[in-house]
Amino acid sequence: MACMKLGSKTDAFKRQGQAWFCTTGLPSDIVVEVGEMSFHLHKFPLLSRSGVMERLIAEASEEGEEKCSICLPDIPGGDKTFELVAKFCYGVKLELTASNVVYLRCAAEHLEMTEEYGEGNLITKTETFLNQVVLRNWKDSLRALQTCDDIISYDEKLNVTKRCIESLAIKASTDPNLSGWPIMEYGGPMQSPGGSVLWNGISTGARVKNTSSDWWYEDASTLSFPRYKRLIAVMESRGIRQEIIAGSLTFYAKKYLPGLNRCLGATDTNSSTCVAPVALEAPPSEEDQKLLLEEIDRLLPIQKGLVPTNFLFGLLQTALILRVSPSYISNFEKRIGMQLDQATLEDLLIPNFSCSMETLYNVDCVQQILEHFLAMDQITGGASPSLVDDGQITASPSLTPVTLVAKLIDGYLAEVASDVNLKLPKFQALAASVPDYSRPLDDGLYRAVDIYLKSHPWLSESEKEQLCRLMDCQKLSLEACTHAAQNERLPLRIVVQILFFEQLQLRTSITGCLLVSDNLDGSRQSGVAGPTERGWASTARENQVLKVGLDNMRTRVSELEKECSNMKQEIERLGRVKSFTWGNVSKRFGFKLKSRMCSAQEGSISNQNTESRKNEKLKDRQGQHKKNSTPKSR
């Protein structure tokens, strides 16, 4: 730490209990009361350096007292600072440091220790030390600023806080690798082969510190929040990058919000700094944490991606725990909604901190976040999916975020579905909030619905059907259809619908394979393409694979037809109304294609049976004719 020696006399002060005495051989003729401490001094050294002491001593002398008493209750820094001032008045060596220069500067201003009362007075000395030494060094500027909390009444006149903050802002926005001494405190770019810093060619033993844009975060977090807030404002005015500001605010919040670290837990891998803030000995009160959380919300940049998503979720959970104003909770939800596509499933699992504890997780909060995301997605144009001729959604950059969010919400629904206290309307509202075009497949939604049905077996048939209508049976994969066809928890009507679409999907696939196979055979016979022998071999292998797949599909179709036949018999057996026949079921579900297929197959089978009977009758007639003709010939 930089320092300056003043005067040449030795220290002649001694302390006895709560009193200081000057041992100069002359009896003291003035007592100065500063707080609980008494200073037994002499009038002349004090009035020769201070205008205020001159006036106070003159007023006390008019009263005719030989030993006057003066009280200084408002001196900055208290009795410790006045001890240094008194020593300076007596010409004792005085050591100025970054920790005491602000107090001495304000005390000198308070006592009017100007050049009028002696050349090189305390105001000049402290001002020179402050400008030429303290403000040129990062650490000293920081220490000086930390002492400014007690000089608010002098701050407007002296601008000590402003000058310290501007000094810190300049150094924080400058690359320390280019600035060198004294910001880094580890020396300049000259190093020995072993890596130590060189000074005039001599190794100092210090090591060069590798710095990055976050090198000042921990130092700045030692400031009180009013000073820190002013520092951030000055940095923003100087054009420092917003991601650096966001990183510093993140560090500061983690240090002074104990609940935030518990919310983030060990999964916080997106921290902008590698060093975790040190835990405080005395954590702030709950009210102070509320105020800090609200201020952090005001200071954080609004741009998407500047603040880690898991950190925003941590702020939201902390706000819910502290029960801050609903407006601030809504602000955090909006911030998260802007970048919900960057969240993980663990982030969404926000515990329910309400008094009622209806559900294990806060589903309402996730609902609000999703609505903010969809509103922002519509504004940015991401809610307009591009379609191709067959009605399938094509992959586009604007659709990627909403697709990720749909997958995320489906996973969240599967996690919360096992909560027996989760009401059906709340589950349905969250599932229905996701746009249909954002789900290429409904397998994730089917899994969530299946878990909900398993955890809520008391649902009525109508409620189960209402829940299953959230799914689009045409958007289930073959694996999901196979599972659903054997799922006893699903309503029978939904199972029939799934089986129909699965069979339709298989028939469409078979038709496509047959067309490909025919095209390959035709091209081989005509030789239009003129492939080489190696190309023919490759084509033959592909054709063989297609035929194997075609056989598997035919087997599956046969199994599905058997299942449909069994279901038909089951429906006829359990029919509650006489008119509830298979024809009515097909009409009700719109299975016109299925009926035509089945009728066509039945017609073909009946025609084959009729022809076989005619052939048998013809053979019988011929045999009888031969028997009759044999005796006649004899």
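Residues numbered from 1 in each chain as written. Predicted model: local features only at pLDDT ≥ 70, side-chain atom pairs only at ≥ 80, totals over all residues. Heavy atoms only, no water.

A.B. asks: Is there a simple way to explain the overall build of the protein chain in this structure?
C.D. replies: Along its length, the protein chain carries 27 helices and nine strands. Across the 634 residues that make up the protein chain, the buried fraction comes to 42%. Long-range pairs, those at least 24 residues apart, make up 69% of the contacts in the protein chain with a sequence separation of at least 6. (Helix = DSSP H or I, 4+ residues; strand = E, 2+ residues; numbered from the N terminus. Buried < 20%, exposed > 50% of the residue type's maximum accessible area, 1.4 Å probe, protein only. Contact = heavy atoms within 4.5 Å.)

A.B. asks: Quick question: what am I supposed to make of the nonpolar core here?
C.D. replies: Most often, soluble globular proteins keep nonpolar side chains buried together rather than apart. V32, L41, W216, L315 and L340 are the most contacted members of the largest nonpolar core, which totals 153 residues. Counting residues per element, this core draws most heavily on helix 19 (residues 400–416), at nine residues. (Core = buried A, V, L, I, M, F, W, Y, C linked by side-chain atoms within 4.5 Å.)

A.B. asks: Where do I start with the environment of L41 in this structure?
C.D. replies: Its place among the elements puts L41 in strand 5 (residues 37–41). Considered as a pair, L41 and P27 are 14 residues apart in the sequence and their alpha carbons are 8.4 Å apart. Discounting residues that sit within four places of it in the chain, L41 has contacts with F13, C22, S28, D29, I30, V32, L46, F82, A86 and Y90.

A.B. asks: When you look at the pattern of salt bridges in this model, what are you seeing that I'm missing?
C.D. replies: Pairing is possible between side chains that carry opposite charge, provided their charged atoms lie close to one another. Here the structure, examined in full by the defined rule, presents 20 salt bridges. With a closest N to O distance of 3.5 Å, K304 and D341 form a salt bridge. Of this pair, K304 sits in the loop between helix 14 (286–299) and helix 15 (309–322) while D341 is found in the loop between helix 16 (326–338) and helix 17 (345–348), placing the two residues 37 residues apart along the sequence. You can call K304 partly exposed: its relative accessible area is 43%. Each of R105, E109, E127, K157 and R163 takes part in a single network of salt bridges with overlapping partners. (Salt bridge = Lys/Arg side-chain N within 4 Å of Asp/Glu carboxyl O.)

A.B. asks: Hey, could you run me through the pairing of strand 3 (residues 19–22) in this one?
C.D. replies: Along any regular strand the residues' side chains alternate between the sheet's two faces. Summarising the sheet, strand 2 (residues 13–16) and strand 3 pair through four bridges and their orientation is antiparallel. Bridged to R15 within strand 3 is W20. Joining the antiparallel neighbours strand 2 and strand 3 is a turn of two residues, in which G17 adopts a positive phi near 65°. Here strand 3 runs beside strand 5; their pairing, made up of three bridges, is parallel. For A19, the partnering residue across the bridge sits in strand 5 and is S38. (Pairing = 2+ DSSP bridges.)

A.B. asks: What's the story with the environment of G91 in this structure? I'm lost.
C.D. replies: Within the secondary structure layout, G91 lies in the loop between helix 3 (78–89) and strand 7 (94–95). The exposure class of G91 is partly exposed, given its relative accessible area of 24%. Counting along the chain gives 46 residues from G91 to P45, while the straight-line C-alpha distance between them is 8.8 Å.

A.B. asks: Quick question: what am I supposed to make of the side chain of N352 here?
C.D. replies: Here N352 is to be found in the loop between helix 17 and helix 18 (363–379). A relative accessible area of 12% means that N352 is categorised as buried. At 3.3 Å, the side chain of N352 and the backbone oxygen of T359 are in polar contact. (Polar contact = N/O pair within 3.5 Å; in protein donor to acceptor, adjacent residues only side chain to side chain.)

A.B. asks: Explain the packing of helix 14 against helix 15 to me, please; I cannot follow it from the model alone.
C.D. replies: Each pair of packed helices can be summarised by the angle the axes make with each other and by the distance between the axes. Contact geometry of helix 14 with helix 15 gives a least axis separation of 11 Å together with a crossing angle of 140°. It follows that helix 14 is oblique to helix 15 by the angle criterion. Pair helix 14 / helix 15 crosses with left-handed handedness. Residue-level inspection shows E286, Q289, K290, L293 and I296 of helix 14 in contact with helix 15, the latter providing L315, T318, A319 and L322. Class assignment for the residues of the contact of helix 14 with helix 15 results in five nonpolar, two polar and two charged. (Axes fitted to C-alpha atoms, helices over the stretch in contact; angles between N-to-C directions. Parallel < 35°, antiparallel > 145°, perpendicular 65-115°, else oblique. Left-handed = near helix turned anticlockwise from the far one by under 90°. Nonpolar A, V, L, I, M, F, W, Y, C, P; charged D, E, K, R; others polar.)

So yeah, pure geometry; function would need other evidence.
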